[in-house]
Each structure stands twice: as C-alpha cells, then as structure tokens.
Amino acid sequence: MATLSEVQTVKLLLDGEFRESAGTQFHEVKDPATQEVLARVPFATDGELDAAVKSAQAAFLEWRDRPLSDRARLFMKFQDLLKAHKTDIAKTLCRESGKLLADAEGDLWRGIEVAEHACGIATLLMGETAENVARNIDTISMQQPLGVCAGITPFNFPGMIPLWMYPMAIACGNAFVLKPSEQDPMTVMRVAELFVEAGFPKGLLNIIHGGRDQVDALIRHPLVRAVSFVGSVPVAQHVYKTGADALKRVQCLGGAKNHMVIMPDANRAQTISALVGAACGAAGQRCMAISVAVFVGDSDAIIPELVEAFKKVRPGRWDNADAAYGPQISPRAKQRVLDLITSGKKEGAKCLVDGSGFVMPGYEQGNFVGPTLFDNVTTNMSIYKEEVFGPVLCMMRAKTLDEAIKLINANPYGNGTSIFTRSGAAARKFQHSIEVGQVGINVPIPVPLPFFSFTGSRGSFYGDLHVYGKQAVRFYTQTKTITSRWFEDEGPAAGPNMTISLK
Ligand code: NAD
C-alpha cells in the first residue's frame, strides 16, 4: 500500500494545462473495497477558481466565432478517443468508485453518446425563419451562446454525468468550468486529458476541485452565466437558490425514490430479473434505481421467487467476474444505508433478506452491503421516505392500478418509474396518469438516450430546461430574434404608428 507522500495529487485543468493546486485542504480518494488511498484531491483556492473562470471567458470570446463544422470535427475526434480508451478509463472508474467493470463501461458509454450527439450541433442549433411577417418584412431567430457555464457533478456516475454537461455547452459555443465530485475525480481528469488531446482550444474546459465553498464561489462568480448541478436533494435546493439569488440560469437534478408497479399479468422471469438488477445494480447508487416495488392484486404471488433471487445476489470487488455489484462509495455512505435498514426493522417493516451484516471475505474493510428486501413497508417509514441509495428494495401492495398510481403520485419525487405488464390498456393508463418525468414500460430504468433529454420532475428536478438533447441546446443558448426590411428605392417614410408601419 502506498504511503501518503507517494500518493498522487489530482491536478486542476487550468487554461489548457494540468497543474498542481496551491490548495491546502485535501480529500482522500479511497478504493471503496479496501480503503486504500488512491489519490488526494486539493480544494482549489479562490485565485485558482477566479483564474479558471477568466480562462474560460477568454476562450469563449474566440470559440463563439468558430464555424460549426470545426466544432463538430473536434467532437468527432473526442468521441473517437473516448471509445479507443474506454476500457482503461473504466478501470480507473472501477478503482475509485467500486463499480464493476461492465457497469463502469456502461457509465462511460452513456457519456460518450452525448459527445457523439454533440457532433450534430450544426442541425441542433438551427433557429426559425418566417418570411413576410408583415409586408416585405422577415423574421429569423438564432441560438447564441451564453458565455461561461459551470457544472457540479455527483460521485455516482463520474463517466456519464460530466459528459452530460460540457460537450453540449461547448458545442453550443460556450466555455465551461467543471467541479466534479471530490469522491472520484480521477475518471473525470482522464476524460479531460482526451478532451485536450482532441485539440480543443485551451481554456474551453477548466476543472477545479472542492466542496461547498468552491461550489458557492463558482455559482456567484460574475462571469458565470449558467449552472448545471446533479446531486442530492438538499444540495440541489441549495444550489438552485444560490444560483437564482445570483440571477443565474440554473438546472438542478436531485435525488429520487423510484417505484416499479407489477401487474398480475407481468412476465414473471423478466420482472424478477428487472427488480433484482434495478434495485441492487451499482449497489443501489443510481438516481434511477428502483427502490420500491408495488404489487397490484395477486401479482405478489412472485414474492417467494423474488426472495430466492435476492438471496443469490452477491456483491464483490470490481474485478470479480461473479459479483453482481460493488461496495458503497464510502464508509459514511455504508453507515447511512445500515442505519436506514435498522430503522426499517424498528418501524415495523418485515426484513425478508437482510444484507446489513454482510462481510466480503478478503475485503473486510470494504463498504459492502448485502442485498436487502423489506416487505410490509408503509409510507410513514424512513426507508420509504428517504432515498436509501443502497441495495435495498421495499415492497408494498395496492389493490388496483389506480391505487398504485395514487401512491406514486403522492410521493414528492419524480425521477423515474416503471410498470411491468402485458396489458396495453394498463400501460397506457399508467403513462398518462403518472406524475413522474421518466416512465418505463417493461423497462426498469428508463434513462433516455441523448436525442431526448433526461426529464426527471417534481422534487427530483429544479429548473425548466433539462440536461442533454434539444433542451440542453436551449439551456446553453439565448435566442436572438431579428426582424428585417430592405428598401429597393426611395419610398415614403414609415409613420409613427406601429401597426401602420408594419403594413
Ligand atoms: P452530493 O449532493 O453530496 O454532491 C454532489 C456535488 O455537490 C459534489 O460535487 C459535491 O462536492 C457538491 N456538494 C456537496 N455538498 C455541497 C454543499 N453543501 N454545497 C455545495 N455543493 C456541495 O451528491 P452525491 O452523494 O455525490 O451523489 C448522490 C446523489 O445524487 C443522490 O441523491 C442521487 O440521487 C443524486 N443523483 C441524481 C441524478 C439525477 O439525474 N437526478 C443523477 C445522479 C445522482
């Protein structure tokens, strides 16, 4: 095991160079399976943060005039490099986040797809035109960039979520300052090396590290025009209020409580496999993880089979081919899951599979939690009200589909939900009536691809325009509308009356 003085220090990306920070406060990045310190992350100083934003502003002033095809070609190179280095980046992601290799590759891939989408920026940026809005007068609208945009990202998708943000912002003609999670920043820095290698001008992407102080200072910086945030609900609310107070354009994606409805006619094997994968995959640390199963009518007859399936699931280290998922990100995150399991038992839920005592042989220091299944969960229990963010599934019953819809709509979150059924009528009713922004029909984790947007709603999202897709183009641009008239000869001058002058 490396001593602290041998451990690498994560660098900043400042004005096109990877530099040591002068910061004196550090966070240790640890392998969640062993607690081995992999790196230390310095929290940026005020001067570094200011330099990052100013470097982005200078880059923006040049970049906004770059032809769209030039921008697109750089993104083609970037996505190509990302694909060529996918597995080695995914291994870094595994080491610092604990994710299994296949899951880490998936995490990165979903980000690469956004970089691919940015290659089509020329079409995405097209505005609107109307000829003869009045006699001899035409109107066009165009989307122009904002300037410096900022992003703050969580630990649980270090490959995908930063790539949700800066490729679309930069393709639209902006420059970007990113503050990644201090818990697993090495993946982000490796991806940034490829961004620089692709040939983007210096200063277009700057990366600083830190916590609340750096986030607040970044949001309030006078040159920052828009802020994109993904993380927990309390921090999303704080960032949204801070951004709005500083008169910034803000989008904040927060936490979730995602329900899956099981109808009596659902395909048995598919339902069980979807429930196990969506509840336990990535150790339950996905904002779209299914954490509540709602059994309608006699669909609960599959519960004994589900219990057996849960008992067979085993976590493990990222390089263990038999493992179903990895450890929680930190001992603190593990303790939070264990506390919620304890509260579930105390508050009267029936624990059918208990993973709270799980210890991984050979990795006794790891943050592993075994798969956990609760029955008889009610809406007043903490395991129902809180986002557990662990491999824990709560089971509830509803007599009818209407009752299940009512239950889900009464929950404050709106990130994702799904229904498993063979009935088109039930699926149609669900998709129409459910007040959740992303709906899966026989799809447990319905994360939209980049030509759509990630559309969580209600308590899971603050703002109006969403990340990636066409909505991201709107978020990262402002609309300019131009009304024009050309005179062919010396005619009479227009009068003062607006209506007459437009005739
Ligand atoms: P977090 O809120 O603790 O941290 C997110 C980011 O905010 C990090 O960069 C962190 O450094 C920063 N931060 C932390 N405390 C802060 C504060 N007080 N003020 C300002 N910034 C602060 O979230 P996390 O634990 O890294 O990520 C998990 C959470 O993110 C879960 O709640 C999950 O549901 C949510 N999430 C949501 C989505 C979505 O699409 N809705 C996607 C991924 C994760």
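Going by the structure above, here's the rest.
First things first, this report covers the structure right here in the doc. In every chain, residue numbers begin from 1 and rise along the written sequence. For a predicted model such as this one, the threshold for reporting local features is a pLDDT of at least 70, and the threshold for listing and counting side-chain atom pairs is 80 or more; totals across whole chains, interfaces and linings nevertheless cover every residue. Hydrogens are left out, water is left out, and the side-chain values use all remaining heavy atoms of the structure.

Here we take up the overall build of the chain. Working definition: helices are DSSP H or I runs of at least four residues, strands are E runs of at least two. Numbering for both runs from the N terminus. The number of helices and strands found in the chain is 17 helices and 23 strands. In terms of C-alpha radius of gyration, the chain reaches 25 Å, essentially the compact-globule figure of 23 Å for 503 residues. Along the three orthogonal principal directions, the C-alpha set of the chain runs to about 85 × 60 × 40 Å. Note on exposure labels: buried denotes an accessible area under 20% of the residue type's maximum, exposed denotes more than 50%, and partly exposed covers the range between, all computed with a 1.4 Å probe on protein chains only. Per-residue burial for the chain yields a buried fraction of 56% across its 503 residues. Long-range contacts, defined as pairs at least 24 residues apart, comprise 73% of the intrachain contacts of the chain with a sequence gap of at least 6. Accessibility throughout is a Shrake-Rupley quantity obtained with a 1.4 Å probe, and a residue counts as covered only by protein chains that appear here. With the model as given, the accessible surface of the chain reaches about 21500 Å², and the carbon-plus-sulfur share is 52%. Each charge class in the chain was averaged separately, 52 positive and 52 negative side chains, and the resulting centres sit 4 Å apart. The reference for a compact globule is 2.2 Å times residues^0.38; the radius of gyration itself is calculated from the C-alpha atoms. Here, two residues are considered to be in contact whenever any of their heavy atoms come within 4.5 Å of each other. Charge convention: Lys and Arg are scored as positive, Asp and Glu as negative, and His as well as the terminal groups of each chain are ignored. A single reference atom marks each charge: NZ on Lys, CZ on Arg, CG on Asp, CD on Glu.

We call a residue near a molecule or strand when any one of its heavy atoms sits within 4 Å of it. In the neighbourhood of the ligand, 28 residues make up the surrounding shell, with K179, E182, S232, G254 and E387 lying closest. Polar contact is the term for a pair of N or O atoms within 3.5 Å; when the atoms are in protein, one must be able to donate a hydrogen and the other to accept it, and sequence-neighboring residues count only if both atoms are side-chain atoms. Between T153 and the ligand, the recorded distance is 2.8 Å, taken from a backbone N or O atom to an oxygen atom. Here an oxygen atom of the ligand sits 2.6 Å away from a polar atom, N or O, in the side chain of S232. Against a free-state accessible area of 840 Å², the protein chains account for coverage of 88% of the ligand. Here the ligand is seated within the largest pocket. At the level of elements, α6 (160-171), α8 (212-220), β11 (224-230) and α9 (233-245) are the ones that each hand at least two residues to the shell around the ligand. Looking at the shell around the ligand residue by residue, the classes come out as 14 nonpolar, 10 polar and 4 charged. A cavity here means a set of 1 Å grid points, computed over protein atoms only, where a 1.4 Å probe fits but cannot escape. A pocket is an open set with protein on both sides within 12 Å along at least 5 of 7 lines, and lining residues have an atom within 4 Å of a point. More than half of a molecule's atoms within 2 Å of the grid points is what it takes for that molecule to sit in a cavity or pocket. Each residue gets one label: Ala, Val, Leu, Ile, Met, Phe, Trp, Tyr, Cys and Pro are nonpolar, Asp, Glu, Lys and Arg are charged, and the others, such as Gly, are polar.

It is worth spelling out the nonpolar core at this point. To form a nonpolar core, buried Ala, Val, Leu, Ile, Met, Phe, Trp, Tyr and Cys residues must be joined to one another through side-chain atoms within 4.5 Å. Of all hydrophobic cores here, the largest spans 88 residues; its most connected members are F78 and W164. The element contributing the most residues to this core is α6, with 10 residues. Those residues in contact with W164 that sit more than four places away from it in its chain are V114, V230, L253, F454, V467 and Y468. Formed by 31 residues, the second largest nonpolar core is a distinct cluster that contains V294, I383, A398 and L401.

A word on the environment of D339. With respect to the helices and strands, the residue D339 is situated in helix α12 (residues 331-346). When its relative accessible area of 43% is taken as the criterion, D339 is described as partly exposed.

Turning our eyes to something else, we now look at the layout of surface pockets. The computed volume of the largest pocket comes to approximately 1400 Å³. Lining the largest pocket are 48 residues; nearest its centre among them are F155, Q183, S232, V235 and R332. Counting residues per element, the ones that place at least two in the lining of the largest pocket are β4 (26-30), α8, β11, α9 and α12. Looking at the lining of the largest pocket residue by residue, the class counts come to 21 nonpolar, 16 polar and 11 charged. Grid points are joined across faces, edges and corners, and a volume is the space filled by probe spheres set on the points.

Between any two strands, pairing holds if DSSP finds at least two bridges. If you trace the 3 strands from one edge of the open sheet to the other, you get β6-β7-β23, paired in antiparallel fashion. The sheet is open, and its two edges are formed by β6 (128-134) and β23 (477-485), each paired on a single side. Strand-to-strand, the axes of this sheet are offset by a mean angle of 25°, without reference to chain direction. Axis definition: a line fitted to C-alpha atoms, limited for helices to the stretch in contact. Angles are taken between N-to-C directions and run from 0 to 180 degrees.

Looking now at helix α1 (residues 46-63). Expected span of a helix: the number of residues minus one, times 1.5 Å. For α1, spanning 18 residues, the distance from its first C-alpha to its last is 25 Å, which sits close to the expected 26 Å at 1.5 Å a residue. Of all the residues in α1, the buried ones are E48, L49, A52, V53, S55, A56, A59, F60 and W63. One face of α1 carries all of its buried residues, which in axial projection span an arc of 160°. Opposite the buried face of α1, by more than 90 degrees, sit the exposed residues D46 and E62. In this context, the arc is that of the directions from the helix axis out to the C-beta atoms.

Two rings belonging to Phe, Tyr or Trp (six-membered ring only in the last case) form a pair when the distance between their centres is within 6.5 Å. Interplanar angles under 30 degrees mark stacking, angles over 60 mark edge-to-face geometry, and anything in between is tilted. One pass over the full model with this rule turns up 16 aromatic pairs. Pairwise contacts between aromatic rings join W63, F75, F78, Y166, F176, F195, F200, F475 and Y476 into one cluster. A cation sits over an aromatic face here: R71 above W63, 5.8 Å from the ring centre. Any Lys NZ or Arg CZ found within 6 Å of a ring centre and within 35 degrees of that ring's normal is scored as a charge over the ring. Sitting over the ring of F157, K99 keeps its end group 3.7 Å from the ring centre.

This part is about the packing of helix α2 (residues 68-84) against helix α7 (residues 186-197). Interaxial distance between α2 and α7 falls to 9 Å at its minimum, and their mutual angle equals 140°. Compared by their axis directions, α2 and α7 come out oblique. Between α2 and α7 the crossing geometry is right-handed. Across the interface between the two elements, F78, L81 and L82 from α2 touch V191, L194, F195 and E197 from α7. A class-by-class count of the residues in the contact of α2 with α7 yields 6 nonpolar, no polar and 1 charged. Any angle from 65 to 115 degrees is called roughly perpendicular, while one under 35 is roughly parallel, one over 145 is roughly antiparallel, and all others are oblique. Helix crossings are classified by the rotation of the near helix relative to the far one: an anticlockwise turn of less than a right angle makes the crossing left-handed, while a clockwise turn makes it right-handed.

The next subject is the sheet that holds strand β5 (residues 37-42). Strands in a sheet are paired, the pairing made by backbone hydrogen bonds, and the direction either parallel or antiparallel. What the 3 strands build is an open sheet, ordered β1-β5-β4; its pairing is mixed. Each edge of the sheet is formed by a strand with only one pairing partner; in this case those strands are β1 (8-9) and β4.

So, on to the pattern of salt bridges. Oppositely charged side chains can pair when the atoms bearing their charge come close. Each reported salt bridge corresponds to a side-chain nitrogen of Lys or Arg within 4 Å of a carboxyl oxygen of Asp or Glu. This model, assessed by the stated rule, comprises 24 salt bridges. Between E182 and K179 there is a salt bridge; the shortest N-O distance is 3.5 Å. Put simply, R397 and D300 hold a salt bridge, and the shortest N to O gap is 2.7 Å. With R397 in strand β17 (residues 392-398) and D300 in the loop between β14 (290-296) and α11 (303-312), this pair connects stretches of sequence that are 97 residues apart. A cluster of three or more residues bridged by salt bridges with shared partners is formed by D31, R317 and D319.

Along the chain, the position of F295 falls in strand β14. By relative accessible area, which is 0% here, F295 ends up buried. The residues touching F295, leaving out its near neighbours within four places in the chain, are I262, L275, D300, I302, I303, L306, M395, M396, R397 and A398.

Burial analysis of strand β9 (residues 175-179) places 5 of its 5 residues in the buried class, the great majority of the element. Taking every second residue as pointing to the same face, both faces of β9 are buried, with A175, V177 and K179 on one and F176 and L178 on the other. Two strands pair when backbone bridges link them, and strand β8 (residues 148-152) and β9 are joined in this way by 5 bridges, in the parallel orientation. Bridging across to β9, G151 finds its partner in L178. Once the chain exits β8 it traverses α6 before rejoining the sheet at β9, and the crossover so formed is right-handed. Whether a crossover is right-handed depends on one test, that the path from the first strand over the helix to the second runs clockwise when the strands point away from the viewer. One crossover worth recording links β9 to the parallel strand β10 (residues 205-207) by way of α7, and it is right-handed.

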